[in-house]
Amino acid sequence: PIFDAIESLAGVGPYEGKLGEEDATLKDTAYRAVADHARTLTFALADGAVPSNMGRGYVLRRILRRATRYGQQILKCEPGFFAKLVPVVVDTFGEAYPELVKNQADIIEIIEEEEQAFSVMLDKGIKYFSEEVNDGKSKVVPGDKAFFLYDTVGFPIDLTELMAEEAGMTVDMKGFEEEMEGQKERSRLARLAAKGLSGDRLELIAEQTAWLADEGIEVTDESYKYKWDIKVDATVKAVFTSDGFLGDGDSAKEGDSVGLVLDKSSFYAEAGGQDADLGTISFEGGELIVNDVQVYGGYILHSGVVSKGSVSVGADVQCQVDYDRRRDIAPNHSMTHVLNAALREVLGDGVDQRGSQCNDEKLRFDFSHKSAMTVDQLRDTETYVRESIEKSLPVKAEVMALADAKAIPGVRAMFGEVYPDPVRVVRVGDDCSVEFCGGTHISNTAEAEAFVLTEETAVAKGIRRISALTRGAAAKAVAEGAEFEGKTLSLESINADETPDLDKQAGALRKDLDAAELSAALKAELRARIEAVQKKGIEANKRLLAGRVDRVLNTVTADVEEALAAGKKTLVLNLDIGADSKASQKVIKAVQKIAPELAFMGISEEEVGSGGKVLCFTIVPDSVQESGLKANEWLKDVLDSVGGRGGGKPGNAQGQAPNCSDVDALIAKAESFVNDAIAVA
C-alpha cells in the first residue's frame, strides 16, 4: 500500500524492484527508502519523539530530510508529499498499533512543518551541489563545501555523502571534521571571551582514556564534588595538551593550555544540563585557572591556562572551586526540578522534560507541549515556584538502587536518558518533586531567594522552552518589572487629547519593555496595556488631525480666493496637516473646486518645528503646463534640495523628505522654481 501511495505522488512511474546496478536512475532505491522512512518516522513520532538538533531528535530529522530529498529529487514528488504517506502507514499498521491512530493528526502536523522547512533548503542545497560541487571534474567534495551544506543549508553530512556517492564522488570527511572542529572552537572561544576566560579546547577520546587505563591510572575520585567550601589536596596523574600527554620530566609552563587528570577532585564536571565548576588548581609556585571541567570514561579533565609557575605529573596540587559561582548555579538547577513539577501542575501530566541548561546566570528548561503557554499559565507556573521558595522546602539527595528509585511514587526521569545503578535521587519537599539527578543543589528552596520566568518560546514542533532567573538576577528582574508597572501606570493617566505625541511615548515605552528582562507574564500584561494607550493616542491624533484639517481647509479657501483676486497662476502654502496623504487630497479637491486653473503646491511638516519629516504635494492644470510648469519636475526640484523623493505626472505629484530644518527656505525654493518656469502674473 505504501508503494502504491508513493507511485500516486511520484512522477517517474511505478516501482520495478530493481537492485544495484540495474537501478541506474535510483528510482527503486528511492521508493524503498521513502517507504522505510515513512514507517520509521510515523512509529517514532507516535512514541513521543520529535525532530530536533540533538540526540535521537536529530536522527529523526536526518531520516526525514533524506526521505524528502529522495522524493523530490529522484521521484519528482511535489514538496509536501511525505506527510501524505502517514495515513497510509496508519491504515496499514493502526489495528495492531492503536497509538498510531490516536496520534495521527500530531504526526502529520510535525512532518508537514519539518518537510516545509527543509523543502526550501533542499532546492538551495541541490542547486549548490550541482553548480559548486559536482563540476564533472573533481571526484572529491571538499570539506569546506560539505560543511557549508551542513551548516548553512541544513544538509546532514550523511545526505551529502549519499549525493556524492550517486555522483561518483566521495566527501573529504577529514576536511569536514576540521571545519566542524573549527566552528566548535570559535563558539567555545566566544563563550570563554564572554566570561573573560581563555585557553585551548581539550577533549579526551577513547584512545586516550584507554592509554590512561593501560598506565594504571585509576578513574578520578569525584566524591568531593557534592561538598561545599572545601579545599581538596590531590595529585596530578596526567597532563594533557593539544599535542597529547606530557611525558615524565616534561612540564606545562606559564601561558600553556593544559588539562590535568587528578586522583581526586572537588570540581563538578559538566553533566545533566549543569555547567561545570570553575576555579583554580594551585601547586607549588603557581596555579592553573580552570575554565572547563569534563569527564571522559570516569577521568575528569580540568582544562585551563597555567597562570604562573609550572606543573608536571606527580605534582601535589590543591583544588579550589569557585563556590560563589556554584551558589548561583545550584539554585538554578534546583528550581528546574520545581519548575518541572509546576508545569505538570499547570499544564497536566502530559508534560515531559526534553532538556535543560543551568549556569550561573539563568536556567533553561525544555518540555513537551503542543502550544504556547497563555499568560495565565505563565503566571500560575511562576507563582507555584515562588510559593515553593517561600515554603522553605528541604532539598535532599539520596543514592539508591535503580529498581528501588524507579518504584518511588511520582519519580521523574529525563525522557530517553540512561541512568546508572545505583542512581542519585533528589527530593524537594515531601511531595513537590522527586527526580533522578547527579547535579549540585541547594539544601533548601529558600536559598533560591526569588524566581522570575522571563521567557517561553518554541524550540521545535511540540517542544517549548522556558528561561528563568533566581537569586539576585531574579530580584533585579522583579525590580525592573515594578519600574515598568509604574511607567505604564503614569502613561495610562495622560490625557490623550492634550498630548499629541502620546502614541510615540507609548511606542518608546513598548520598545524599552521588549528589551527588558522581567516576568514574561507581567511583560505580556504590560505590553497589552501599553498597546491600548498607543491605540488611544492614535485615535486622539486622528480627531486632532481632523480638526486641524478643517481649519486648514478654511485657511486654504481664503488664501486661494486671495490669489485669484490678485490674478496669480500659482500658489505655494505652508500647511498644518502633518504628513497625512489623505488630508492632502482634501486640500487638492478644495483648491480645484475654487480655482481649477491654479497651479498649487502644499508643504506640511509631520510635526511643526521638529525639523523632521515633511510632506510635499502639487497639482498643475493643463493650462499652466503649457506655460512650462510640470508637477513632477516641480516636486523633484523642491524635494531634491532636502534629500527627499517622490513621484507623479505633469498634472500632479507627491513625495516626502525625511528631514527638513527650514520650511521657509523650502517654500522659497518652490516659488523660485515657478518663477524660472513661467511668467507669474
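Just above sits the structure.
Notes on the structure in this doc start here. (Residues numbered from 1 in each chain as written. Predicted model: local features only at pLDDT ≥ 70, side-chain atom pairs only at ≥ 80, totals over all residues. Heavy atoms only, no water.)

Comments concerning the overall build of the protein chain
In terms of regular secondary structure, the protein chain is built from 20 helices and 21 strands. Taking 2.2 N^0.38 as the reference for a compact globule, 681 residues should give roughly 26 Å; the C-alpha atoms of the protein chain span a radius of gyration of 35 Å, well beyond that estimate. Summarising its shape, the C-alpha atoms of the protein chain cover approximately 110 × 70 × 60 Å along the three principal directions. Residues classed as buried in the protein chain amount to 46% of the 681 residues present. Long-range contacts, defined here as pairs at least 24 residues apart, represent 68% of the contacts in the protein chain between residues at least 6 apart. With an accessible surface of roughly 32800 Å², the protein chain has 48% of that area assigned to carbon and sulfur atoms. When the 78 positive and 116 negative side-chain charges of the protein chain are each reduced to one mean point, those points stand 4 Å apart. (Helix = DSSP H or I, 4+ residues; strand = E, 2+ residues; numbered from the N terminus. Rg over C-alpha atoms; globule rule 2.2 N^0.38 Å. Buried < 20%, exposed > 50% of the residue type's maximum accessible area, 1.4 Å probe, protein only. Contact = heavy atoms within 4.5 Å. Areas by Shrake-Rupley, 256 points an atom, 1.4 Å probe, with all protein chains shown as cover. Lys, Arg positive; Asp, Glu negative; His and termini not counted. Charge placed at Lys NZ, Arg CZ, Asp CG, Glu CD.)

Looking at the sheet that holds strand β16 (residues 463–470)
Pairing within the open sheet is antiparallel, and its four strands lie in the order β10-β11-β16-β15. Each of the sheet's edge strands pairs with one partner strand only, and the pair in question is β10 (353–358) and β15 (451–460). Between one strand and the next, the sheet's axes are offset by a mean angle of 15°, whatever the strand orientation. Both β15 and β16 contribute to a ladder of eight bridges, which runs antiparallel. (Pairing = 2+ DSSP bridges. Axes fitted to C-alpha atoms, helices over the stretch in contact; angles between N-to-C directions.)

Section: helix α14 (residues 471–492)
The α-helix advances 3.6 residues per turn, and as a result positions three or four apart in sequence lie on the same side. For α14, with 22 residues, the first-to-last C-alpha span of 32 Å sits near the 32 Å given by 1.5 Å per residue. Considered for burial, the residues of α14 that qualify are Ala474, Ala477, Gly481, Phe484, Thr488 and Leu491. Buried residues in α14, looked at end-on, bunch into an arc of 90°, giving them a common side. Residues of α14 that are exposed and point over 90 degrees away from its buried face: Lys476 and Leu489. The inward-facing, buried residues of α14 abut β15, β16, α15 (502–515) and α16 (520–565). (Expected span 1.5 Å × (residues − 1). Arc of directions from axis to C-beta.)

Details of the nonpolar core
Counting residues in hydrophobic clusters, the biggest one holds 40 residues, and the most contacted among them are Ile6, Val34, Leu75, Phe82, Leu85 and Ile111. Elements represented by at least two residues in this core include exactly α1 (2–9), α2 (27–46), α3 (55–74), α4 (86–93) and α6 (104–133). Per-element accounting of this core gives the leading share, ten residues, to α2. Once residues lying within four places of it in the same chain are set aside, the contact partners of phenylalanine 82 are Val34, His37, Ala38, Leu41, Leu64, Ala67, Ile111 and Glu115. (Core = buried A, V, L, I, M, F, W, Y, C linked by side-chain atoms within 4.5 Å.)

Looking at the sheet that holds strand β13 (residues 423–428)
On the basis of which strands lie adjacent, the open sheet formed by three strands has the order β12-β13-β14 and antiparallel pairing. One side of each edge strand has no neighbouring strand; the edge strands of this open sheet are β12 (395–400) and β14 (433–436). Each adjacent strand pair in this sheet contributes to an overall mean axis angle of 20°, direction not counted. Pairing of β13 with β14 involves four bridges; the strand directions are antiparallel. Paired with arginine 427 across the bridge in β14 is valine 434.

Brief notes about the pairing of strand β5 (residues 257–262)
Remark: a regular strand shows side chains that alternate across the two faces of the sheet. Within β5, six of the six residues are buried, which leaves the element mostly enclosed by the surrounding structure. Burial of the side chains of β5 extends over both faces: Ser257, Gly259 and Val261 are buried on one face and Val258, Leu260 and Leu262 on the other. Where β5 lies against strand β8 (residues 299–308), five bridges are found, and the strand directions are antiparallel. When the sheet's bridge partners are listed, serine 257 is paired in β8 with valine 305.

Side note on the pattern of salt bridges
One pass over the structure, following the stated rule, counts 29 salt bridges. Arginine 327 is the salt-bridge partner of aspartate 229, the closest N and O atoms lying 2.4 Å from each other. Of the two residues, aspartate 229 sits in the loop between α10 (206–214) and β3 (231–241) while arginine 327 sits in helix α11 (residues 323–347), which places them 98 residues apart along the sequence. What you see here is one network of salt bridges that share partners, running through Asp376, Arg379, Glu492, Glu525 and Arg529. (Salt bridge = Lys/Arg side-chain N within 4 Å of Asp/Glu carboxyl O.)

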